[in-house]
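One-letter residues, chain by chain:
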There are 2 protein chains.
Amino acid sequence: MTRRPFNFSAGPAALPEEVLQQVAREMLDWHGSGMSVMEMSHRGKEFIAICEQAEADLRELLAVPSHFRILFMQGGGLAENAIVPLNLSRGGQVDFVVTGSWSRKSAQEARRYADVHIAADASLSGAGAIPSPASWTLRPGTSYVHLCSNETIDGLEFHALPDLRALGCDAPLVIDFSSHVLSRPVDWSRVGLAFGGAQKNIGPAGLTLVIVREDLLGRALPICPSAFDYKTVAEAQSMYNTPPTFSIYVAGLVFQWLKRFEYGGQRGLAAIEQRNLDKATLLYDALDRSAVFENRVARECRSRMNVPFFLRGAHDTPALHQAFLDEARDRQLLQLKGHKSVGGMRASIYNAMSLDGVHALVDFLKDFETRHG
Amino acid sequence: MTRRPFNFSAGPAALPEEVLQQVAREMLDWHGSGMSVMEMSHRGKEFIAICEQAEADLRELLAVPSHFRILFMQGGGLAENAIVPLNLSRGGQVDFVVTGSWSRKSAQEARRYADVHIAADASLSGAGAIPSPASWTLRPGTSYVHLCSNETIDGLEFHALPDLRALGCDAPLVIDFSSHVLSRPVDWSRVGLAFGGAQKNIGPAGLTLVIVREDLLGRALPICPSAFDYKTVAEAQSMYNTPPTFSIYVAGLVFQWLKRFEYGGQRGLAAIEQRNLDKATLLYDALDRSAVFENRVARECRSRMNVPFFLRGAHDTPALHQAFLDEARDRQLLQLKGHKSVGGMRASIYNAMSLDGVHALVDFLKDFETRHG
């Protein structure tokens with residue numbers, strides 16, 4: 001194999017090649033322990049060291065303040081849609097900002113536990129744009145405000161988080177940052193809780209990351225399962241039940257890869273953010289210049305991670321769509337099919353995607369247009 | 001490395017060496033796909049094939065009847081302690097048979113959702129034995145009866161499941177078989193639902209197995225999170241949310257290893273059961289003959305998987321206990337420390353533990369006794 005194919009999967013998604021190589025090397029014997037990480041007790045000194053290092057590296061990368069707790073959990077973003085209101089709603093009011101499929105799903109699930117209000121709905125104000133925070137109808141008694149800071153399916157991203165206090169709202173902000181975590185800094189002064197599945201920018205599916213402000217612990221409803229009570233999990237350093245140990249280990253290797261990542265004279269999160277910006281600019285510019293392809297999201301809220309695109313007008317036929325996917329695969333450009341709920345194509349260009357990968361996609365878009373435009 | 005150390009961890013636990021080797025080999029490119037299994041969309045044809053094969057192999061190995069559904073979930077046994085009553089209690093009565101730490105924990109958690117009754121309690125009838133089913137005080141209106149068919153910490157195992165109908169009880173039997181799944185056959189005619197964490201006999205922590213009779217689907221309480229509603233998960237073939245894809249892949253390799261496993265002229269589950277019996281007999285015989293060590297569980301309900309043992313009488317000093325663990329580690333016999341709640345030592349001899357490993361442990365027990373007895 002000269003080079004690996006470029007994998008544009010929306011998740012589970014591509015991982016850094018050197019992380020995969022290290023995982024393979026250490027598979028039968030982690031650091032002379034005689035054990036695979038999969039075979040270690042989660043209560044043994046080896047795994048505890050792995051877990052503590054992963055947490056410390058993540059805290060450093062994302063500059064997580066000391067009054068926030070980092071929890072490694074299970075269930076994915078979809079389970080968190082229930083676990084968050086079980087922990088934070090107090091059975092009262094919760095307000096949602098709906099900007100796409102994921103925030104809509106989150107709101108729907110929260111109705112099991114709380115009085116849900118849609119404070120803003122992107123689909124009502126013309127699709128493809130995030131309603132201005134000034135227009136949100138937040139309720140005075142809301143327990144928290146939920147938004148999805150990057151909509152994986154729709155390709156919308158919050159490039160700045162709202163300042164709820166400036167909007168006259170004292171409630172904590174909950175963000176689902178599954179699909180852009182670690183692609184850019186987080187303004188923790190505006191956040192009460194952030195959660196995300198690991199399978200985009202962190203590591204294997206099955207690990208869920210929760211970062212929660214300490215004063216929000218201890219509010220769980222009595223019906224919240226112990227294993228999903230943030231206070232219980234925090235007090236046990238994510239070891240209340242057996243955590244997904246191997247996934248935490250791989251995540252830790254990804255964190256170390258990010259810490260040493262260099263680009264444009266920078267290092268770490270600043271470097272990866274710069275490369276993500278360059279990749280996104282390259283791809284959106286190509287789409288905007290194309291007569292065959294188009295992205296339909298307003299420029300100011302286009303996602304740097306997930307780029308859905310479609311065939312324009314008369315070009316939008318099932319045959320041409322299939323030809324695109326088949327030719328892409330022949331060029332080793334994998335998993336470009338759009339989400340079934342919206343159709344079209346989608347390129348997810350997470351942290352592990354190189355600039356070369358996006359250049360290869362852009363070259364293919366141009367070539368495809370020359371032949372089929 | 002001439003041979004790998006013998007790893008007696010109670011879980012996450014040792015995996016077959018050839019499975020780890022295959023995982024390492026396929027880490028960067030699964031079957032020519034150009035992707036690691038960690039990097040595949042769970043909705044792509046490659047991963048769907050992996051998942052379907054794993055499910056079919058498991059169904060074959062455990063002879064799961066067609067009116068049972070196999071679900072791959074997340075959260076571990078501890079989360080299932082809540083998820084089972086959320087799905088099956090109907091908010092009414094549930095009866096528990098308490099034979100050790102795990103069934104006690106399960107009963108405690110179920111109190112959040114149901115009227116819990118302890119139908120039998122091993123700790124009240126003299127520890128170290130399972131109360132006879134004829135003595136259980138099952139209630140006529142119970143929604144289900146829960147037992148832990150192998151108590152990992154206490155080392156008690158049900159060698160036959162109770163026939164609830166013969167006891168005059170129509171309710172389904174729920175078994176937590178986390179720590180002996182796939183070590184022996186299951187009598188499905190006596191079971192309504194079986195669940196278990198993967199991290200003993202199946203694969204990496206973070207995957208939870210649920211096998212449920214079809215007629216028990218669709219009973220979830222409205223407060224049950226969608227991601228944990230058995231009917232929702234079953235209808236989506238375990239893909240309602242992103243499943244722990246890599247863990248399912250490793251589990252599938254373990255299933256294939258088991259299918260080709262040969263021992264004593266047999267193959268598959270019958271072969272592994274015979275080896276498990278031989279391993280357990282070897283270890284318990286050594287403990288029973290020892291003047292220094294002892295196992296305290298009644299012979300008829302000793303676990304074939306988890307063998308807790310203690311220093312006898314005057315030998316039971318912290319210094320000798322530490323000497324045992326240190327010398328064991330020097331001999332490459334790993335993770336023999338007992339659970340913190342009961343102390344002492346514990347040898348978990350799951351499917352992946354070879355007969356050689358148990359011989360090495362028995363030789364060490366004898367040698368230790370010669371020197372310290």
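Note that residues are indexed from 1 along each chain, following the sequence as it is written. Both sets of labels track the order of writing: A upward for chains, 1 upward for ligands. Only residues with pLDDT of at least 70 are given local features in this predicted model, and only at 80 or more are side-chain atom pairs given and counted; all residues enter the totals for whole chains, interfaces and linings. Neither water nor hydrogens contribute to the side-chain values; these are computed over all heavy atoms in the structure.

A. Here's a closer look at the overall build of chain A. The helix and strand inventory of chain A stands at nine helices and 16 strands. In terms of overall dimensions, chain A is globule-like: its C-alpha atoms have a radius of gyration of 21 Å, near the 21 Å expected for 373 residues. Its C-alpha atoms put chain A at 60 × 55 × 35 Å along the principal axes. The proportion of buried residues among the 373 residues of chain A is 64%. By sequence separation, contacts in chain A at least 24 residues apart represent 67% of the contacts at least 6 residues apart. Calculation of accessible area relied on Shrake-Rupley with a 1.4 Å probe; when residues are assessed, cover is drawn exclusively from the protein chains displayed. Accessible area for chain A stands at about 13,300 Å²; split by element, carbon and sulfur atoms hold 49% of it. Here chain A contributes 38 positive and 41 negative side-chain charges, whose respective centroids are spaced 2 Å apart. Runs of H or I in DSSP of at least four residues are treated as helices and runs of E of at least two as strands, each being numbered from the N terminus. We compute the radius of gyration over the C-alpha atoms and compare it with the globule rule, which gives 2.2 Å times the number of residues raised to the power 0.38. The buried label goes to any residue with under 20% of its type's maximum accessible area, the exposed label to any with over 50%, and the partly exposed label to all in between, with areas taken from a 1.4 Å probe on protein chains only. Residue contacts are counted whenever heavy atoms from the two residues lie within 4.5 Å of one another. When charges are counted, neither His nor the chain ends are considered; positive counts come from Lys and Arg and negative counts from Asp and Glu. Throughout, a charge is located at the NZ atom of Lys, the CZ atom of Arg, the CG atom of Asp or the CD atom of Glu.

B. The sheet that holds strand β3 (residues 93-98) of chain B, seen in detail. Residue and element names in this part refer to chain B. In short, DSSP must find at least two bridges between two strands for them to pair. Read from one edge to the other, the open sheet built from seven strands follows the order β2-β10-β9-β8-β5-β3-β4, with strand pairing classed as mixed. Every interior strand has two partners, whereas the edge strands, β2 (68-73) and β4 (115-121), have only one. Ignoring strand direction, the axes of neighbouring strands in this sheet form an average angle of 20°. Judged from the six bridges that link them, β2 and strand β10 (residues 208-213) form a sheet pairing that is antiparallel. When the bridges of β10 are listed, L71 appears paired with V210. With respect to the sheet, helix α2 (residues 45-62) is in contact with β2 and β10, its orientation differing from that of β2 by roughly 130°. Lines fitted to the C-alpha atoms define the axes, with helices restricted to the stretch that makes contact. Angles between their N-to-C directions range from 0 to 180 degrees.

C. Region of the structure containing the environment of G100 of chain A. Residue and element names in this part refer to chain A. Tracing the chain through its elements places G100 in the loop between β3 (93-98) and α4 (101-110). For the pair G100 and M40, spaced 60 residues apart in sequence, the C-alpha separation works out to 40 Å. Here G100 is in contact with E151 and D154, once residues within four sequence places are set aside.

D. Spatial organisation of the UniProt feature "modified residue: N6-(pyridoxal phosphate)lysine" (unreviewed entry) in chain A. Residues and elements named next belong to chain A. Listed under "modified residue: N6-(pyridoxal phosphate)lysine" (unreviewed entry) in the UniProt record, and renumbered for this structure, are K200. Mapped onto the secondary structure, K200 falls in the loop between β9 (193-197) and β10 (208-213). The exposure class of K200 is buried, given its relative accessible area of 12%. When sequence neighbours within four positions are dropped, the list of residues in contact with K200 reads A10, G11, A13, A14, T152, S178, S179 and Y350. At 3.0 Å, the side chain of K200 and the backbone oxygen of A10 are in polar contact. UniProt positions are given in the numbering used here, feature names are shortened, and annotations may be inferred rather than shown by experiment. Side-chain atoms alone can form a polar contact between residues adjacent in sequence; in general such a contact is a pair of N or O atoms within 3.5 Å, and within protein one must be able to donate a hydrogen while the other accepts it.

E. Structural view of the relation of the copies chain B and chain A. In the superposition of chain B on chain A (RMSD 0.0 Å, axial shift 0.0 Å), the rotation amounts to 180°. A rotation of that kind, with that shift, is consistent with a two-fold axis. When C-alpha positions in chain B are compared against the rotation axis, the closest is assigned to A24 of chain B, at 2.2 Å. Here the copies are matched by least squares. The fit uses the C-alpha atoms of residues with pLDDT of at least 70 in both.

F. Geometry of the UniProt feature "binding site: L-glutamate" (unreviewed entry) in chain A. The UniProt feature table records "binding site: L-glutamate" (unreviewed entry) at R43 of chain A. By relative accessible area, R43 of chain A is classed as partly exposed at 40%. With sequence-adjacent residues up to four places away left out, R43 of chain A is seen in contact with I48, M239 and Y240 of chain A together with K340 of chain B.

G. Geometry of the domain arrangement of chain A. Residue and element names in this part refer to chain A. The domain limits used here are those given by an automatic or database domain assignment. Partitioning chain A into domains gives domain 1 (21-258) and domain 2 (262-372). Using only C-alpha atoms to locate each centre, domain 1 and domain 2 end up separated by 27 Å. Counting residues at the interface gives 25 residues for domain 1 and 25 residues for domain 2. Salt bridges are defined by distance alone: a side-chain nitrogen of Lys or Arg within 4 Å of a carboxyl oxygen of Asp or Glu. For the pair domain 1 and domain 2, the interface holds zero salt bridges. Between domain 1 and domain 2 we count 11 residue pairs in polar contact (both at pLDDT 80 or more) in total. Contributing elements (two or more residues each) for the side of domain 1 that touches domain 2: α2 (45-62), β7 (156-157) and α6 (245-260). Note on residue classes: Ala, Val, Leu, Ile, Met, Phe, Trp, Tyr, Cys and Pro are nonpolar, Asp, Glu, Lys and Arg are charged, and everything else, Gly too, is polar. Per-class residue counts for the side of domain 1 that touches domain 2 are 11 nonpolar, 10 polar and four charged.

H. Expanded view of the packing of aromatic side chains. Stacked, tilted and edge-to-face pairs are distinguished by plane angle, under 30 degrees for stacked and over 60 for edge-to-face with tilted covering the rest, among Phe, Tyr and Trp rings (Trp via its six-membered ring) whose centres lie within 6.5 Å. For the coordinates displayed, the defined rule picks out 26 aromatic pairs over all chains. Seen in terms of ring centroids, F324 of chain A and F368 of chain A are 5.3 Å apart; in terms of plane orientation they differ by 80°. Their pairing is edge-to-face. Taken together, the positions of F324 of chain A in helix α8 (residues 318-330) and F368 of chain A in helix α9 (residues 355-372) put the pair 44 residues apart, joining distant regions of the chain. Since its relative accessible area comes to 0%, F324 of chain A is described here as buried. What makes F368 of chain A buried here is its relative accessible area of 0%. Centre to centre, the rings of F246 of chain B and Y249 of chain B are 5.4 Å apart; their planes meet at 50°, and the pair counts as tilted.

I. Spotlight on the interface of chain B and chain A. At the junction of the two partners, chain B supplies 63 residues and chain A supplies 63 residues. A simple way to read buried area is as the amount of 1.4 Å-probe accessible surface that goes missing from two parts once joined, with both sides added. Taken together, both faces of the contact between chain B and chain A bury some 4,800 Å²; the carbon and sulfur share is 59%. Area buried by chain B at its contact with chain A is led by L28, M38 and E39 of chain B, which between them contribute 14% of it. The tally of links between chain B and chain A comes to four salt bridges. Here E39 of chain B ties to R4 of chain A by a salt bridge, and the two come within 2.6 Å at their closest N and O atoms. Applying the counting criterion to the chain B and chain A interface returns 26 residue pairs in polar contact (both at pLDDT 80 or more). Taken together, the elements giving at least two residues each to the side of chain B that touches chain A come down to α1 (17-25), α2, α3 (76-88) and α6 (245-260) of chain B. Split into classes, the residues belonging to the side of chain B that touches chain A amount to 33 nonpolar, 19 polar and 11 charged.

J. Broad picture of the side chain of S183 of chain B. In this structure, S183 of chain B sits in the loop between β8 (173-176) and β9 (193-197). Not counting residues up to four positions away in its chain, the partners in contact with S183 of chain B are N201, I272, E273, N276, M305 and N351 of chain B.

K. Highlighting the sheet that holds strand β14 (residues 306-311) of chain B. Residues and elements named next belong to chain B. A sheet is described by the order of its strands in space; here three strands give the open sequence β13-β14-β16, paired in antiparallel fashion. What marks the edges here is a single partner per strand, and that holds for β13 (293-294) and β16 (345-348). Bridge analysis of β13 against β14 gives two bridges, and the strand direction is antiparallel. Note that in β14 the partner of E294 across the bridge is F310. Here helix α7 (residues 269-289) sits on the sheet and contacts β13, β14 and β16; the angle it forms with β14, its principal contact strand, is near 15°.

L. Quick peek at the packing of helix α1 (residues 17-25) of chain A against α6 of chain A. Residues and elements named next belong to chain A. Axis separation between α1 and α6 bottoms out at 10 Å; the angle between their running directions is 135°. For the element pair α1 / α6, the angle class is oblique. Where α1 crosses over α6, the handedness of that crossing is right-handed. Facing E18, V19, Q22 and V23 of α1, the residues of α6 in contact are F246, Y249, V250, L253, V254, W257 and R260. Here the residues of the contact of α1 with α6 are counted per class, giving eight nonpolar, one polar and two charged. Roughly parallel here means an angle under 35 degrees, roughly antiparallel means over 145, roughly perpendicular means 65 to 115, and every remaining angle is called oblique. The crossing is said to be left-handed when, going from far helix to near helix, the turn is anticlockwise and less than a right angle, and right-handed when the turn is clockwise.

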